[in-house]
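# Per-entry structural report
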Amino acid sequence: MSKAENENVSSQPAKDCPEFLTDGPNSLAHRAWEPFFKKLPYKDYNENRINSAKTVTKESKIVPGNGNFAAVDLKKGECFEWGIASVVKGYDINKTTHLFTWSSFDKKLAAALSGCALYYNTLGDKSNCRCVPYHKENRYEMYALEDIKAGTELTIRYDSMDWRDSMKPLKKIIHGED
């Protein structure tokens with residue numbers, strides 16, 4: 001792990017790492033997990049590996065383009081969407097905003113996510129949802145950080161926006177900085 005990654009990891013509050021987070025302590029999944037999340041049973045995932053039935057995608061109210069919205073009321077801690085990741089080998093994630101960072105430690109590894117994942121916009125730390133990535137298993141789960149009413153736009157924090165060059169315009173929008 002590089003010095004910068006160590007500094008990034010050490011700035012996160014220490015918390016226990018649940019056994020099911022296969023990427024281990026200090027991974028993006030570990031940092032994303034909240035104790036109030038209601039873990040998606042593996043059986044549910046295995047019977048339907050892509051599920052976005054509780055969301056709809058339509059014109060965003062936050063930015064020009066599309067956004068995801070709650071199709072039904074969501075409860076705090078609820079896993080309301082899940083899907084699979086397809087790793088894009090040899091492509092530098094820093095060149096686009098349309099792919100997801102797919103490693104806790106390799107800041108260039110990219111993946112495309114299934115379902116509606118591409119259309120989650122961000123409000124930075126004020127976002128109402130969280131993506132928990134399972135890098136080793138090439139899958140993800142979306143959780144509600146608060147009770148969310150049907151019709152509300154769903155947002156996630158882009159963890160890589162603090163260091164990805166392609167995300168600099170977002171930082172200006174969200175934080176008013178370059």
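All of the points below concern the structure found in this document. (Residues numbered from 1 in each chain as written. Predicted model: local features only at pLDDT ≥ 70, side-chain atom pairs only at ≥ 80, totals over all residues. Heavy atoms only, no water.)

## Notes on the sheet that holds strand 6 (residues 129–134)
Pairing between sheet strands relies on hydrogen bonds along the backbone, with the strands arranged either parallel or antiparallel. Strands sit in the order 4-5-3-7-6 across an open sheet of five strands; the sheet is antiparallel. Two strands in the sheet have a free side with no partner beyond their single neighbour: strand 4 (100–101) and strand 6. Note that strand 6 and strand 7 (residues 139–144) share six bridges and pair antiparallel. If you follow proline 133 over to strand 7, its bridge partner there is tyrosine 140. (Pairing = 2+ DSSP bridges. Helix = DSSP H or I, 4+ residues; strand = E, 2+ residues; numbered from the N terminus.)

## Notes on the nonpolar core
What tends to happen in soluble globular proteins is that the nonpolar side chains get buried as a cluster. Counting 19 residues, the largest nonpolar core has Phe80, Leu154 and Ile156 as its most contacted members. Taken together, the elements giving at least two residues each to this core come down to strand 3 (79–88), strand 5 (110–113), strand 6 and strand 7. When residues in this core are grouped by element, the largest group, three residues, is from strand 7. In this view, isoleucine 156 contacts Phe100, Tyr120, Asn121, Thr122, Leu123, Ser127, Cys129, Arg130, Cys131 and Met142; residues no more than four positions away in its chain are not counted. Counting 13 residues, the second largest nonpolar core, distinct from the first, contains Leu21, Ala29, Tyr45 and Tyr143. (Core = buried A, V, L, I, M, F, W, Y, C linked by side-chain atoms within 4.5 Å. Buried < 20%, exposed > 50% of the residue type's maximum accessible area, 1.4 Å probe, protein only. Contact = heavy atoms within 4.5 Å.)

## Considerations on the packing of aromatic side chains
Applying the stated criterion across every chain, the model contains five aromatic pairs. Measuring from ring centre to ring centre gives 5.2 Å for tryptophan 33 and phenylalanine 37, while their planes differ by 90°; the resulting arrangement is edge-to-face. The buried category is assigned to tryptophan 33, whose relative accessible area is 8%. Among the residues examined, phenylalanine 37 registers a relative accessible area of 6% and is labelled buried. The interplanar angle of 10° and the centroid separation of 4.4 Å between the aromatic rings of phenylalanine 37 and tyrosine 143 together place this pair among those described as stacked. Separated by 106 residues along the polypeptide, phenylalanine 37 in the loop between helix 2 (28–32) and helix 3 (42–47) and tyrosine 143 in strand 7 bring together distant segments of the chain. Each member of the pair, phenylalanine 37 as well as tyrosine 143, carries the same accessibility label: buried. Every member of this aromatic cluster is reached through a ring pair, and the members are Trp33, Phe36, Phe37 and Tyr143. One residue, lysine 76, lies across the ring of phenylalanine 36, its end atom 4.5 Å from the ring centre. Over the ring of tyrosine 45 we find arginine 139, and its NZ or CZ is 4.8 Å from the ring centre. (Phe/Tyr/Trp six-rings, centres within 6.5 Å; stacked < 30°, edge-to-face > 60°. Lys NZ or Arg CZ within 6 Å of the ring centre and 35° of its normal.)

## So, the pattern of salt bridges
Considering all chains together, one arrives at eight salt bridges under this definition. One salt bridge connects aspartate 44 with lysine 43, and the closest N-O pair in it is separated by 3.8 Å. Two residues, glutamate 137 and arginine 139, come together in a salt bridge whose shortest N-O distance is 2.6 Å. One connected set of salt bridges, linked through shared partners, spans Lys39, Glu137, Arg139 and Glu141. (Salt bridge = Lys/Arg side-chain N within 4 Å of Asp/Glu carboxyl O.)

## Focus on the pairing of strand 1 (residues 55–59)
Sheet topology places strand 1 next to strand 2 (residues 66–70); five bridges connect them, and they run antiparallel. Each residue of the ladder has a partner; that of valine 56, found in strand 2, is phenylalanine 69. In this antiparallel pair of consecutive strands, strand 1 and strand 2, the connection spans six residues, and glycine 65 shows a positive phi of 110°.

## A word on the environment of alanine 112
Examined against the element boundaries, alanine 112 turns out to sit in strand 5. For alanine 112, a relative accessible area of 32% gives the class partly exposed. Distance in space between the C-alpha atoms of alanine 112 and leucine 99 is 5.3 Å, their sequence separation being 13 residues. If near-sequence neighbours (up to four positions away) are discounted, alanine 112 is found in contact with Ile84, Ala85, Ser86, Val88 and Leu99.

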